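Letter by letter, the chains look like this.
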Amino acid sequence: MSTHAQPDPNIILYDTMQRQKVPFVPTTPGHVGMYLCGPTVYSDAHLGHARKEVAFDVIRRAFMHFGYAVRYVANITDVGHLQDDSDDGEDKIAKRAALERLEPMEVADKYFWSFMDDMAALNILRPSINPRATGHITEQIALIEELIERGHAYESAGSVYFDVRSWPDYGKLSGRKLDDQDVGTREAVRGDKRDARDFALWKNAEGGHLMRWPSPWGIGFPGWHIECSAMSLKYLGEGFDIHGGGLDLEFPHHEAEIAQAEAAGHAFARYWMHNNMLTIGGEKMSKSKGNFTTIADVLSRHDPMVVRFLLVSSHYRSITEFSDVAFESAKNGYRRLSESLYEIERRLGDAPDGGDAALDRKIETHVQAFEAAMRDDFNTPKAVAALFGLSGEMNSALATEKVGRATLERARDAFHTLGGDVLGLFAGGSAAQEDNSEVVGTLMQLVLKARQNYRLNKQYAESDELRDTLAQVGVTVEDTKDGPRWRR
Ligand SMILES: Nc1ncnc2c1ncn2[C@@H]1O[C@H](COP(=O)(O)OP(=O)(O)OP(=O)(O)O)[C@@H](O)[C@H]1O
Ligand SMILES: [Zn+2]
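Because the structure is a prediction, the values reported are computed rather than measured.

Time to look at helix α13 (residues 405-422). Across its 18 residues, α13 extends 24 Å between first and last C-alpha, which sits within 8% of the 26 Å expected from 1.5 Å per residue. Elements that come into contact with the buried residues of α13 comprise α1 (47-65), α10 (324-347), α11 (357-375) and α12 (380-400). Looking one or two residues beyond α13, the residue adopting positive phi is Gly 424, at roughly 75°.

For the rest of this paragraph, the subject is the environment of Ser 396. Within the fold, Ser 396 resides in helix α12. Distance from Ser 396 to Thr 320, taken between C-alpha atoms, is 32 Å for residues 76 residues apart in sequence.

What follows concerns the packing of aromatic side chains. Applying the stated criterion across every chain yields a total of 18 aromatic pairs. Ring plane angle 70° and centroid distance 4.9 Å describe the contact between Phe 112 and Trp 113, whose orientation is recorded as edge-to-face. Of the residues examined, Phe 112 reaches a relative accessible area of 9% and is grouped as buried. Residue classification places Trp 113 among the exposed residues on the basis of a relative accessible area of 51%. Of the aromatic side chains, those joined through ring pairs into one cluster are Phe 24, Phe 63, Tyr 68, Tyr 271 and Phe 378. Its guanidinium or amino end placed over the ring of Phe 112, Arg 132 lies 5.2 Å from that ring's centre, counting from NZ or CZ. It is Arg 176 that lies over the ring of Phe 251; its NZ or CZ is 3.7 Å from the centre.

Turning our attention to the pairing of strand β3 (residues 31-36). Of all six residues making up β3, five are buried, and the element is well covered by its neighbours. The parallel pair β3 and strand β4 (residues 69-74) is bridged by α1, and the resulting crossover is right-handed. Strand direction decides the pairing type here: β3 and strand β11 (residues 242-246), joined by three bridges, are parallel. The residue bridging Leu 36 from the neighbouring strand is Gly 244, located in β11.

The next thing to look at is the coordination of the zinc ion (ligand 2). At the metal site, the zinc ion (ligand 2) is ligated by Cys 37 (SG), Cys 228 (SG), His 253 (NE2) and Glu 257 (OE), and these contacts range over 2.0 to 2.4 Å. Coordination geometry of the zinc ion (ligand 2): the four donor atoms subtend angles of 78 to 130° at the metal centre, consistent with an arrangement described as irregular. All donors to the zinc ion (ligand 2) come from one chain, and their sequence spacing reads C-x190-C-x24-H-x3-E. With His 253 and Glu 257 both in helix α7 (residues 250-263) and four residues apart, this pair spans about one turn of that helix. A relative accessible area of 1% places His 253 in the buried class.

Orientation of α10 relative to α13, taken along the N-to-C sense of each, is 145°, at an axis distance of 10 Å. Here the hand of the crossing between α10 and α13 comes out left-handed. Residues Leu 337, Ser 340, Leu 341, Ile 344, Glu 345 and Arg 347 of α10 form the contact with α13, whose own contacting residues are Leu 408, Ala 411, Arg 412, Phe 415 and His 416. Along the lines of polarity and charge, the residues of the contact of α10 with α13 split into six nonpolar, two polar and three charged.

To continue, consider unusual backbone geometry. Following Phe 251, the chain continues to Pro 252 via a peptide bond in cis, the omega torsion being 0°. With respect to the helices, strands and loops of the structure, Pro 252 is situated in helix α7. Despite not being glycine, Asn 123 shows a phi value in the positive range, around 60°. Following the sequence through the fold, Asn 123 ends up in the loop between α3 (104-121) and α4 (137-149). The class of Asn 123 is partly exposed, set by a relative accessible area of 22%. Its identity is not glycine, yet Asp 377 carries a phi of approximately 55°, on the positive side. Considering the arrangement of structural elements, one finds Asp 377 in the loop between α11 and α12. Residue Asp 377 is classed as buried on the basis of its relative accessible area of 0%.

The UniProt record annotates "binding site: Zn(2+)" (unreviewed entry) at Cys 37, Cys 228, His 253 and Glu 257. Spanning 221 residues, the named residues form one tight spatial group whose C-alpha atoms are at most 10.8 Å apart. By the secondary structure assignment, Cys 228 is in helix α6 (residues 226-236). For Cys 228, the residues in contact, after removing those within four places along its chain, are Tyr 35, Cys 37, Asn 75, His 253 and Glu 257. Since its relative accessible area comes to 0%, Glu 257 is described here as buried. When sequence neighbours within four positions are dropped, the list of residues in contact with Glu 257 reads Cys 37, His 225, Cys 228, Ser 229, His 243, Phe 268 and Trp 272. Within polar-contact distance, the side chain of Glu 257 engages the side chain of His 243 at 2.5 Å.

Where burial is concerned, most of helix α9 (residues 304-312) is hidden: eight out of the nine residues are buried. Buried residues of α9: Met 305, Val 306, Val 307, Arg 308, Phe 309, Leu 310, Leu 311 and Val 312, and no others. Looking at the buried positions of α9, the neighbouring elements they touch are α1, β13 (278-280), α8 (295-301), α10 and α12. The distance from a side-chain oxygen at the start of α9 to the backbone nitrogen of Met 305 is 2.8 Å, and the residue carrying that oxygen is Asp 303.

Here the focus is the environment of Gly 404. Secondary-structure assignment places Gly 404 in the loop between α12 and α13. The exposure class assigned to Gly 404 is buried, which follows from its relative accessible area of 8%. Between the C-alpha atoms of Gly 404 and Ala 357, which are 47 residues apart in sequence, the distance is 9.9 Å. The residues contacting Gly 404, other than those within four sequence positions of it, are Ala 351, Pro 352, Asp 353, Gly 354 and Gly 355.

The rules behind these values
- Residues numbered from 1 in each chain as written.
- Chains lettered and ligands numbered in written order.
- Predicted model: local features only at pLDDT ≥ 70, side-chain atom pairs only at ≥ 80, totals over all residues.
- Heavy atoms only, no water.
- Helix = DSSP H or I, 4+ residues; strand = E, 2+ residues; numbered from the N terminus.
- Expected span 1.5 Å × (residues − 1).
- Contact = heavy atoms within 4.5 Å.
- Phe/Tyr/Trp six-rings, centres within 6.5 Å; stacked < 30°, edge-to-face > 60°.
- Buried < 20%, exposed > 50% of the residue type's maximum accessible area, 1.4 Å probe, protein only.
- Lys NZ or Arg CZ within 6 Å of the ring centre and 35° of its normal.
- Right-handed = clockwise from strand over helix to strand, strands pointing away.
- Pairing = 2+ DSSP bridges.
- Donors = N, O, S within 2.8 Å, 3.2 Å for Na, K, Ca; no water.
- Tetrahedral: all angles 85-135°; square planar, octahedral: opposite > 155°, others 65-115°.
- Axes fitted to C-alpha atoms, helices over the stretch in contact; angles between N-to-C directions.
- Left-handed = near helix turned anticlockwise from the far one by under 90°.
- Nonpolar A, V, L, I, M, F, W, Y, C, P; charged D, E, K, R; others polar.
- UniProt positions renumbered as here; feature names shortened; annotations may be inferred.
- Polar contact = N/O pair within 3.5 Å; in protein donor to acceptor, adjacent residues only side chain to side chain.

Take a look at the structure:
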């Protein structure tokens, strides 16, 4: 896919930790290790999840385009995510299992697979590794033991908590000082915690929890945050490159991930990237708020490529408001691009040899603009604007001249590489092609009807001529008991 023989050294990204754009320098030259916090699989994924997945999929694709080998690890949370951030309430998956009368693992698998289907429909590349929390209990226990050993965690009544006061760095990502956090959590210290801000690494499962494992502290289950520290370090190694996730995870989840890894003596992620939220009526779309539209529902009404186009049309760090109007304009925008590509492909059919040097240079300008935008913190709206520039250029050239084959191929390749490989668009046929196949289908019904009429009127010569003409363009007609059928 890459058009760059050497990894591009000029990529700049916004690091949440440093609160500014910084040059990206990988730990291992030519390689990028990325970890993305994935979904808790207890219900169908919604468009907010799609926003995050598409955002990081595009970042991954851009790195690939710029010549990097990417290891992309995206986890699946299938245990330990409780209703309430303060380590209370039921496990989200166990709660759903009771509701659906399923095994917890049946719930996790059911929604894991529906998530995978949604991701495939949105043309999101499969992660290199898709680790699940329940498959990494041993690694989580080992990390908790390291924390206890170093005095940053304590056991209490069969549960283990991270001792926030023992780790002054806690809060460095979100910029929350321990004293500020106090104000927000002026609740009484609950149960067995020493401090209200301490968070669970391991929870005692005595309360009839369905998902439980033996541990040095008795039967229990891991806290939500520990899985990500354990699995990212396992698969990406010390001081891996990029950790990503939704901005809503910055605190407490990512803060906890960092504290768990660093307090245990590990070098953690070197860059933090966060996508902003997809909102509806100004509010974050979320499962718990119930204001969501599932991906499956959206895809039953819209072309997946239009959904993807809508998502890449805004920058991953800005808020995207979801509305019918936004969809309508995405549909029109995507149609304009894909029609342009379709026209280029059609004109390649009878293009004269040679190329057009002036037009080649203009195409190159748009390619450069696209790449410059992507190098600058993955600025997809600017990159999309460059594609529109390319499309406008080609449309006007095609309206006035017969463009040579080499130039048409160059333009087509630019669309495929930038719009297709990097932004993940143009998969499964362009909108223009879909329209076309609808037209062909309707025309063929008319042709078959005419053929039936010839036969009814015993005009066999005419009917045969029709069939032979169709055969010349590769269409065969078969008579079945349900009437004539055509195929190519
Ligand atoms: N509206 C949204 N926009 C962008 N990213 C989102 C949105 N909703 C969820 N995400 C991201 O998806 C990931 C998993 O989210 P999660 O499964 O907690 O979904 P949720 O709808 O926020 O659930 P809940 O409301 O139960 O917390 C997180 O990284 C989160 O930031
Ligand atoms: Zn995580």
